[in-house]
Amino acid sequence: MLDTDSWAVGDVRLSSRFLLGTAGYPSPQVLADAMAASGAQVVTVGLRRQLAAGGDNGFVDIIRHAMRQHGARLLPNTAGCTSAREAVQLAHMARELYGTPWVKLEVVGDEYTLQPDPLELVQAARQLARDGFTVFPYCTDDLVTCKRLLDAGCPLLMPWGAPIGSGQGLLNPFALRLLRERLPDVVLIVDAGIGAPSHAAQALEMGFDAVLLNSAVSQSPDPVRMAGAFRQAIEAGRAAYRAGVMARQDFAVATTPVTGNPLLIG
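Numbers given to residues run from 1 along each chain, matching the order in which its sequence is written. Only residues with pLDDT of at least 70 get local features here, since the model is predicted, and only at 80 or more are side-chain atom pairs given and counted; chain-wide, interface and lining totals rely on the full set of residues. As a convention, hydrogens and water are excluded, and side-chain values are obtained from all of the structure's heavy atoms.

**Student:** Explain the packing of helix α1 (residues 28–38) against helix α10 (residues 223–243) to me, and be specific about the residues and the numbers.
**Tutor:** To get an axis, fit a line to the C-alpha atoms, keeping to the stretch in contact for a helix; angles then go from 0 to 180 degrees between the N-to-C directions. Numbering of helices and strands starts at the N terminus; helices are DSSP runs of H or I of at least 4 residues and strands are runs of E of at least 2. Where α1 contacts α10, the axes come no closer than 8 Å and their chain directions differ by 20 degrees. Considering the angle they form, α1 stands roughly parallel to α10. You can see that α1 and α10 cross each other, and the crossing is right-handed. Contacts between α1 and α10 involve V30, D33, A34, A36, A37 and S38 from the first element and P223, V224, A227, G228 and R231 from the second. All amino acids are sorted into three groups, where Ala, Val, Leu, Ile, Met, Phe, Trp, Tyr, Cys and Pro are nonpolar, Asp, Glu, Lys and Arg are charged, and the leftover types, Gly among them, are polar. Residues belonging to the contact of α1 with α10 are distributed by class as follows: 7 nonpolar, 2 polar and 2 charged. Oblique is the label for any angle not under 35 degrees, not over 145, and not in the 65 to 115 range, which are roughly parallel, roughly antiparallel and roughly perpendicular in turn. The sense of a crossing depends on the near helix, which, turned anticlockwise from the far helix by less than a right angle, makes the crossing left-handed and, turned clockwise, makes it right-handed. Any two residues whose heavy atoms approach within 4.5 Å are treated as being in contact.

**Student:** Talk me through the packing of aromatic side chains; I want residue IDs and the actual numbers.
**Tutor:** Planes of paired rings set the category: under 30 degrees apart is stacked, over 60 is edge-to-face and the rest tilted, where pairs are Phe, Tyr or Trp rings (Trp by its six-membered ring) whose centres lie within 6.5 Å. Applying the stated criterion to the full structure yields 2 aromatic pairs. Look at F18 and F230: their rings are 6.1 Å apart centre to centre, the planes differ by 45 degrees, and that puts the pair in the tilted class. Of this pair, F18 sits in strand β3 (residues 18–21) while F230 is found in helix α10, placing the two residues 212 residues apart along the sequence. Of the two residues examined, F18 and F230, each falls in the buried class. Any residue under 20% of the maximum accessible area for its type is buried, any over 50% is exposed, and the rest in between are partly exposed; the area is computed with a 1.4 Å probe on protein chains only.

**Student:** Provide a residue-level description of the environment of L183, including the pertinent values.
**Tutor:** Inspection of the secondary structure assignment puts L183 in the loop between α7 (173–182) and β9 (187–191). Residue L183 is classed as buried on the basis of its relative accessible area of 8%. Not counting chain neighbours up to four residues away, the residues in contact with L183 comprise L143, C146, L150, L157 and L188.

**Student:** Lay out the pairing of strand β8 (residues 156–159) with the relevant residues and their values.
**Tutor:** Every second residue of β8 is oriented toward a common face, with L156 and M158 on one face and L157 and P159 on the other, all of them buried. Whether two strands pair depends on DSSP finding at least two bridges between them. Relative to β8, strand β7 (residues 134–139) runs parallel, the two sharing 2 bridges. Paired with Y138 across the two strands is M158, which belongs to β8. The parallel pair β7 and β8 is bridged by helix α6 (residues 143–151), and the resulting crossover is right-handed. Taken together, the 2 bridges between β8 and β9 define a ladder with parallel strand orientation. What sits directly across from L157, in β9, is L188. For a crossover, the right-handed case is the one in which the path from the first strand over the helix to the second runs clockwise, viewed with the strands pointing away from the viewer. On the question of chirality, the crossover connecting β8 to the parallel β9 by way of α7 is right-handed.

**Student:** A description of the packing of α6 against α7 should follow, citing residues and the corresponding values.
**Tutor:** Running from N to C, α6 and α7 cross one another at 40 degrees; their axes reach a closest spacing of 10 Å. Put simply, α6 runs oblique to α7. As for the relative orientation of α6 and α7, their crossing is right-handed in sense. In contact with L143, C146 and K147 of α6, α7 contributes L178, L179 and R182. In terms of residue class, the contact of α6 with α7 is built from 4 nonpolar, no polar and 2 charged.

**Student:** Tell me about the nonpolar core, and please be specific about residues and values.
**Tutor:** Nine residue types can take part in a nonpolar core, namely buried Ala, Val, Leu, Ile, Met, Phe, Trp, Tyr and Cys, and a core is a set of them joined through side-chain atoms within 4.5 Å. Counting 60 residues, the largest nonpolar core has L20, L105, V211, L213 and V217 as the members making the most contacts within it. In terms of residue count, the dominant contributor to this core is helix α4 (residues 84–98) (7 residues).

**Student:** Give me unusual backbone geometry: which residues, what numbers.
**Tutor:** For L114, which is not a glycine, the phi torsion comes out positive at approximately 60 degrees. Here L114 lies in the loop between β6 (102–105) and α5 (118–130). Even without a glycine there, the phi angle at A192 is positive, about 90 degrees. One can find A192 in the loop between β9 and α8 (197–205).

**Student:** Any chance you could break down α1 for me, citing the residues and the numbers?
**Tutor:** Three- or four-residue spacings in an α-helix give side chains the same orientation, since the helix completes a turn every 3.6 residues. Considered for burial, the residues of α1 that qualify are L31, A32, A34, M35 and S38. Viewed along the axis of α1, the buried residues span an arc of 160 degrees, placing them on a single side of the element. Phi turns positive one or two residues past the end of α1, at G39, with a value near 70 degrees. This arc describes the spread of directions from the helix axis toward the C-beta atoms.

**Student:** Report on the state of the cysteines, specifying residues and quantitative values.
**Tutor:** In what follows, a disulfide is any cysteine sulfur pair within 2.5 Å. Here the structure, examined in full by the defined rule, presents 0 disulfides. The thiol of C139 is unpaired, and the distance to the nearest cysteine sulfur, on C146, comes to 3.9 Å. A residue is classified by how much of its surface remains accessible, and C139, at 1% relative accessible area, is buried. C154 takes part in no disulfide bond, and the closest cysteine sulfur to it belongs to C139, at a distance of 8.3 Å.

**Student:** Hey, could you go over the side chain of R17 for me, with residue numbers and the actual values?
**Tutor:** Along the chain, the position of R17 falls in the loop between β2 (12–14) and β3. Between N or O atoms, a polar contact is any pair within 3.5 Å; within protein, one atom must be a potential hydrogen donor and the other a potential acceptor, and residues adjacent in sequence are included only when both atoms are from side chains. Here the side chain of R17 touches D5 through a polar contact of 2.8 Å, landing on its backbone oxygen. Not counting chain neighbours up to four residues away, the residues in contact with R17 comprise D5, S6, W7, L204, D209, A210, V211, I234 and R238.

This is how it looks when you write it as structure tokens:
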């Protein structure tokens, strides 16, 4: 059956709207099982984390095996970089090692909140786009910064819902709705801060194309079951958006009008 609700990054079409991180799982087997339960077609991996561990130690082979089984694609990230120069260098290393032009671009500007540095981020995005990368920029929900990233050559945007790993959900729904309204034709993926399946459903109900998360699954006492829960929530949120969520009212509206109808009094 033809999938009529797929989305695309360039010429790559995807049906799953769940992008999954691979860090912090109790074991490689739990990670592989969580990937299967999630149905994710895009999984992220941090090159810097692997280098710090002395190489991938078979970790990437495990991910690639699981990806082959489920048709997923690898999205290397530049987590831990604090300058455009550092991020660009790491992205080139990742492309050489993993054989993909896709890169999740992260350039941190504050160590406490892990908030992206907008100036360094735009600079790195512009250079990587020139170098032939498909750049997935992790950014804040600031509309102006998002426009600058699009101008720099990014084909999509990944605004945060809340600080990375905080699990706080969508802290600024107004800003996220504004992005969706002002950038109606741009692929938007909520990245970071999601802690519960309800947060993911909310993002999809608002019209976002997908969500990316890691800690909410990997830090759960049962990552595999939680991955399945997120999958269902994301699918439900998307279905609700397509169906059309009712408008909110500031007052009560009777669901069974009685005006003009006869009343039966027993």
